Structure formats: structure tokens, C-alpha cells
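Structural characterization, general
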Amino acid sequence: MSPTAKVQREGEIWAVGGGKGGTGKTFLTSSLGSFLAKKGRKVVLVDMDIGGANLHSFFGIDRPQRSLTSFFEKGSSLQDILVRTDLDNLTLITGDIHSIASDTITFSQKLKLFRQILKINAQNVLIDLGAGSHLNTLDAFLIADKMVVVLVPEVIAIENMYHFIKNALFRKVKAVLKEYGFKEIVQHVWDRRQEFGIRNLKELIDHLKGSFSFIGTILDNELSRFRVALILNMVRNKQDIFLGTAVKSVLLKYLGVGIEYVGYVEYNDAVWRSVRERKPFMLNYTATAGAANIAAVGDNLLKGGEIVLPGGLG
Amino acid sequence: MNKDHAASLYAVLELAPGAGLRDVQNAYLRLRRLYADQSIVLEPLEEEFTADRRREILAEVEAAYQKLLVVLHAETPKAEALLPDDGAAGTGPDETPAMVFGGLALRKIRERLNIDLNEISRELKLRLELLRSIEEERFEALPEETYLKSHLRSYARYLGLKPEKIVEDYLGRYRARAKK
Ligand SMILES: Nc1ncnc2c1ncn2[C@@H]1O[C@H](COP(=O)(O)OP(=O)(O)OP(=O)(O)O)[C@@H](O)[C@H]1O
Ligand SMILES: [Mg+2]
């Protein structure tokens, strides 16, 4: 199986990544999962932050009895290691910080994990990704039906996110062409980029499309599905909200990648309070602005909608 | 103007074909600000978005916007059309209606954009009374030309109109009246 293969399934996989650490990926995975479960949907959350796993603590679980460690080391199936939470419809596949590092996972272990994730019997599977652009992280991002990135309004987070999406796109292009048996072409052209006057990934893709019409057809078809959903987290004022729209324009021009700006979540003291109290945010802080923001984001992700912003000078 | 061409103009403004005047206006202002100003969104990509590249983008945005304004203007029902004052519309060689912008035209454009005078007054820090006088062409209540010119420029910019054209047209009317 290649990371790009998308089987027709009933459930939908959402992967939550974005590059920079500490932007709220895990908090949002847990909260969006809770939102979906409260709507009556059957949800499984997967902690793919190998080495930094902490999704369980957002549900008040200290040390899960079962984790991916037994999947990797003892050959348990994902079904065997599901961990229950306070929400009836929501179970977890937890990670374990104490045993495995991302680098120790073999290629075949990774494929086995992805294969089983694709088969999980749930309406929504949400994957919490770690920070950075590790290949395992990118591949998990690429198996998703909805590729979600979490951004906070600061320059380093924006820079890391561009980098993350660029890496994911490059990996996708290579994977797609490999699938069709043109593995060498991308690297070959990229290595000789100066000769071709190629300065960046977008120009590389344009060059490939222009030089080989069959590649053009393949890439047009496959990359039209490369759409990313953006959540802006820890928003503190009105100007911040409009950064999402600006990022959308820049990514379109920079990489030719279309993104959906699905919404923002404001900076909310109740978040760290809920983390400290070890209680799921969406169960205990339902009346907060943050919870309303998350519900709006969740609705957009479910329906394929985007945030509607008032016009004007913002 | 054929459909594909219009669609490509909308695409430059990152809009779906058929978006209304207000959306076009907002997209234009937003993109112009984004690629003209410094921002944390572009800072990490300085090498990609060089000064030249930005100028190129801004020129594209400007051209698409000006063309769409004409299209949307042509599609506006007659009764509420943004008719130039004195009905001085003619059809130029490039099929662009030659408009003369006076106070009434400015007001009509503003109203079609659903922009409140109070909003402009607040955002541009201009007295409400002054803005009213501009729209009603109460020339005697307006400040002297240098000041008027700068007010007109910011007002025009706020509406997403080319300031040069507005200032030229409006001052033309202002001076003509002063002579009488
Ligand atoms: N909207 C918010 N308002 C206030 N605090 C927030 C918000 N979102 C997240 N936080 C806080 O930020 C911290 C980091 O969040 P989280 O662990 O979800 O980030 P992460 O992106 O998963 O980090 P990592 O990259 O290390 O996995 C948490 O302590 C959380 O309480
Ligand atoms: Mg995390």
C-alpha cells in the first residue's frame, strides 16, 4: 500500500498536524473528537505523536494500560488496544512516551499501522500528529481524508507550517509518481533544477506537468485532492482572525495548494484550567467561547464549509 | 466579456465566479494590503515574494479589479446604476464607460457597497460632516484644495477606487463651480 491510496470507506480520517510544537494539535484533536462524539458519532482518536504521546491526558487518563507499544511489540491489533474514555462513543488508541521512538518503527510496521487505521470501524478517526516534518508524520498526514493544520498567530509557527505543507506536498508528488512507475523522474529533475531554471516546488511541479503530458494529467488529478484545512488557534484579537485568510492566499500563490480556512479558536484560560483539572474541555467547559469556536470548526470540517468573515478592513 | 475571462478575473481576486460587488471590493482591498504591506504571513517567504513578484501580483490584482468593476457596473440594474453625475457617460474605444466621478457617484458606490458614512468617518478619522459635504457637493463647506485632495484620496481608496481618477474628476467639478 502506498501512503496515497485512499480506499472508499464509510468513516472519515482527519489528521491534525502543522509543523510547530505546542500550537494546540493535541488539544484540538481531543476537543474535535469530543465534539463529534457528543453529536452521536462513533469516534476513535489515534495518538501518532510517537515519543511525545499525551493525548490520553486530555481525557484525564494518567497511564493508559494499553498503547501502541503492544501493537508494535506484541503484535496486538488496534481493536485490542482501544482505551475507553468518559465519552461513550469515543475511544483512544494511545501512544506511550516511555517505550518507542519514531525512528525505531520499521517501514513494514508503519504500513501495518496505516492499514489497520484505514480499517477502523468508526465514523470518524482523528489522528494526532507530533510536531515537525518527520516522514512518519508526513505519511500519516497524507493517508487522511481531511488534512488539518493547526496554526497560532506568530511568525515561527507560520514558517513551520509552510515548511510542513511543502514537505507533505513534495512527498505526495513523489509517492504519486512512484505509484505510476515514474519514481526517478522527480528526483532527477529536482537534482538538475538549476539547468531547468526551477527555483521551488511549485516550479518543479509546473515543469513536470509541462514536460510530460501524462504526468500533467496524473498530477492534476491527484493534487486537486491535496486540500488542507486550516485552524487558527490561540487567537487573541480581530486582526489575528484574518491571518487565516492571508495564509490561504499565500499558500495558493506559493505552492498552488488550496486550503480551507475552517475557523479559529480563541485563546481561552479555560483550556489550561481543563488541562490542569484533567477534565475533557468539551465536557466541562461547554459554555465557553472556546467550546463554541470548536463546534463551529467541527461543523465546517464535517460539512466541508469555511468560516465566513465580515468584509471590510478587518 | 466572455464567461471564462470573467472567471479568470474572479480567480485573480481568489473569488468564486459571480461574487457580488461588495465581495469583489473586499477581496481587492484585502489582497492589496496583503501584498503591499509587511506581514508575518509573508516574512518567512521573503525569497519567494520579492519586491518584483509582489509588484507583479499587485498589478494583476489591480487590473482584475478595475475590469470587474466595469463588468459589475454594466450588470447593475439601470434604476440604481452607478451613473456618473451629469450623465456624462460615453463609450470609450475600449468599451470602458467613461465615468466622471462626482459626489453623487461616490455616494452611490458607497451605498452599493453597504458602507456606512460613520464607518468611513471612524476608520479614516474624518469628520462626518465633511464626508457629507463631499457627497452632496456643498463646495462652500469644503476645505481648500490641498486638504480636499488628500481627503478625497483616502475616501476613494477606502472605496477601492483609483484615487487619481476620483481626485481629478471631483476637483474638475469643484473648480468649475468655483468659477461661476
Ligand atoms: N485555545 C487555547 N487557549 C489557551 N491555551 C491553549 C489553547 N490551545 C492550546 N492551549 C494550551 O497550549 C498547550 C499546548 O497544547 P497542545 O499540547 O495541544 O499542543 P500540541 O500542538 O499538541 O503540542 P506538541 O507539538 O508538543 O504535540 C496546552 O497546555 C494547552 O493547554
Ligand atoms: Mg501534541
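Numbering of residues begins from 1 in every chain and follows the order in which that chain's sequence is written. Written order determines the labels here, with chains lettered from A and ligands numbered from 1. Two thresholds apply to this predicted model, a pLDDT of at least 70 for residue-level local features and 80 or more for giving and counting side-chain atom pairs, whereas whole-chain, interface and lining totals are computed over all residues. The basis for every side-chain value is the complete set of heavy atoms in the structure, and neither hydrogens nor water enter the calculation.

This part is about the overall build of chain A. For chain A, the helix and strand inventory stands at 13 helices and eight strands. Only the C-alpha atoms count toward the radius of gyration. The rule for a globule is 2.2 Å times the residue count to the power 0.38. Against the compact-globule benchmark of 20 Å for 314 residues, chain A has a radius of gyration of 20 Å, which places it among compact chains. Expressed as lengths along the three principal axes of its C-alpha atoms, the size of chain A is roughly 60 × 55 × 30 Å. Out of the 314 residues belonging to chain A, those deemed buried represent 54%. In what follows, residue pairs with any heavy atoms lying within 4.5 Å of each other are defined as contacts. The long-range fraction of contacts in chain A, counting pairs at least 24 apart against all pairs at least 6 apart in sequence, stands at 76%. In this description, accessible areas are obtained by the Shrake-Rupley approach with a 1.4 Å probe, and a residue is regarded as covered only by the protein chains that are shown. Only carbon and sulfur atoms are counted for the fraction: they give 49% of the accessible area of chain A, which is about 13,600 Å². Numbering goes from the N terminus for both helices and strands, where a helix is a DSSP run of H or I of at least four residues and a strand is a run of E of at least two. Using a 1.4 Å probe on the protein chains alone, a residue whose accessible area is under 20% of its type maximum counts as buried, one over 50% counts as exposed, and one in between counts as partly exposed.

Residues and elements named next belong to chain A. Most of strand S2 (residues 43-47) sits out of view: five of its five residues are buried. Pairing between S2 and strand S4 (residues 90-93): four bridges, direction parallel. Residue pairing across strands places Val43 opposite Leu90, the latter belonging to S4. Two strands form a pair only when DSSP identifies at least two bridges running between them. Pairing of S2 with strand S5 (residues 124-128) involves five bridges; the strand directions are parallel. When the bridges of S5 are listed, Val44 appears paired with Val125.

In this model, Arg278 of chain A sits at a positive phi of 60°, which is unusual for a non-glycine residue. Note on placement: Arg278 of chain A falls in the loop between helix H11 (269-277) and helix H12 (281-284). Even without being a glycine, Lys125 of chain B presents a positive backbone phi close to 55°. Inspection of the secondary structure puts Lys125 of chain B in the loop between helix H5 (117-124) and helix H6 (128-136). Judged by relative accessible area, Lys125 of chain B falls into the exposed class, the value being 74%.

This part covers the site of ligand 1. Residue and element names in this part refer to chain A. Any residue with a heavy atom lying within 4 Å of a molecule or strand is counted as near it. In the region of ligand 1, 19 residues are neighbours, and Lys25, Thr26, Phe27, Asn233 and Asn268 sit closest. As used in this structure description, the phrase polar contact means that two N or O atoms lie within 3.5 Å; if the pair is within protein, one of them must be able to donate a hydrogen and the other to accept it, and residues adjacent in sequence are counted only when both atoms belong to side chains. The backbone of Glu266 places a nitrogen or oxygen atom 3.1 Å from a nitrogen atom of ligand 1. Relative to its free-state accessible area of 640 Å², ligand 1 is covered by the protein chains to the extent of 81%. Elements represented by at least two residues in the shell around ligand 1 include exactly helix H1 (25-38), strand S7 (227-235), strand S8 (258-266) and H11. Gly falls in the polar group here, along with every residue not listed as nonpolar (Ala, Val, Leu, Ile, Met, Phe, Trp, Tyr, Cys, Pro) or charged (Asp, Glu, Lys, Arg). Grouping the amino acids of the shell around ligand 1 by side-chain chemistry returns nine nonpolar, seven polar and three charged.

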